[in-house]
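An overview of the molecular structure
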Amino acid sequence: MITIFKTNIIEEEESRVRQFLNLFKEILKVDFDFEDRDNVLRIETVGNITSHVEIVLNSNGYFCKELL
């Protein structure tokens, strides 16, 4: 499953955000697109963990919302 999120994450914060995402064993791949106006976070997962990703990142001071 591939999920795309709109975020306010900037390139300098990528490694810190990856630390949060490494907590999820369901995540297979993480990609950031900092050139996109939505600072896109794209994750490939085994299962739907969208709400969990949003909760973890939002509770740590980032804006993260799934793009539908």
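Look a little higher up for the structure.
Below is a summary of the structure that appears in this document. (Residues numbered from 1 in each chain as written. Predicted model: local features only at pLDDT ≥ 70, side-chain atom pairs only at ≥ 80, totals over all residues. Heavy atoms only, no water.)

**Comments concerning the packing of aromatic side chains**
- The tally for this structure, following the rule as stated, stands at one aromatic pair.
- Seen from their ring centres, F32 and F34 are 5.3 Å apart, and the 5° between their planes marks the pair as stacked.
- Its relative accessible area of 22% is what places F34 among the partly exposed residues. (Phe/Tyr/Trp six-rings, centres within 6.5 Å; stacked < 30°, edge-to-face > 60°. Buried < 20%, exposed > 50% of the residue type's maximum accessible area, 1.4 Å probe, protein only.)

**Considerations on the environment of I27**
- Checked against the element boundaries, I27 lands in strand β2 (residues 27–33).
- When the C-alpha atoms of I27 and I49 are compared, they prove to be 8.6 Å apart, with 22 residues separating the residues in sequence.
- Not counting residues within four places of it along the chain, the set of residues in contact with I27 comprises L21, I43, E44, T45 and I49. (Helix = DSSP H or I, 4+ residues; strand = E, 2+ residues; numbered from the N terminus. Contact = heavy atoms within 4.5 Å.)

**Some thoughts on the nonpolar core**
- Formed by 16 residues in total, the largest nonpolar core has its most connected members in L21, L41, V53 and L57.
- Ignoring anything within four residues of it in the chain, the contact list for V53 reads F5, L21, F24, I43 and C64. (Core = buried A, V, L, I, M, F, W, Y, C linked by side-chain atoms within 4.5 Å.)

**Considerations on the pattern of salt bridges**
- The full count for this structure, using the stated rule, is three salt bridges.
- A salt bridge links D38 to K6, with the nearest nitrogen and oxygen atoms 3.7 Å apart. Placement of D38 in the loop between β2 and β3 (40–45) and of K6 in strand β1 (residues 2–7) is noted, with a sequence separation of 32 residues between them.
- Taking the relative accessible area as the measure of exposure, K6 reaches 35% and is therefore partly exposed.
- Note that R18 is salt-bridged to E14, the shortest N-O span being 2.9 Å. On the criterion of helical spacing, the pair formed by R18 and E14 is a turn pair, its members being four residues apart in helix α1 (residues 14–21).
- A relative accessible area of 29% places R18 in the partly exposed class. (Salt bridge = Lys/Arg side-chain N within 4 Å of Asp/Glu carboxyl O.)

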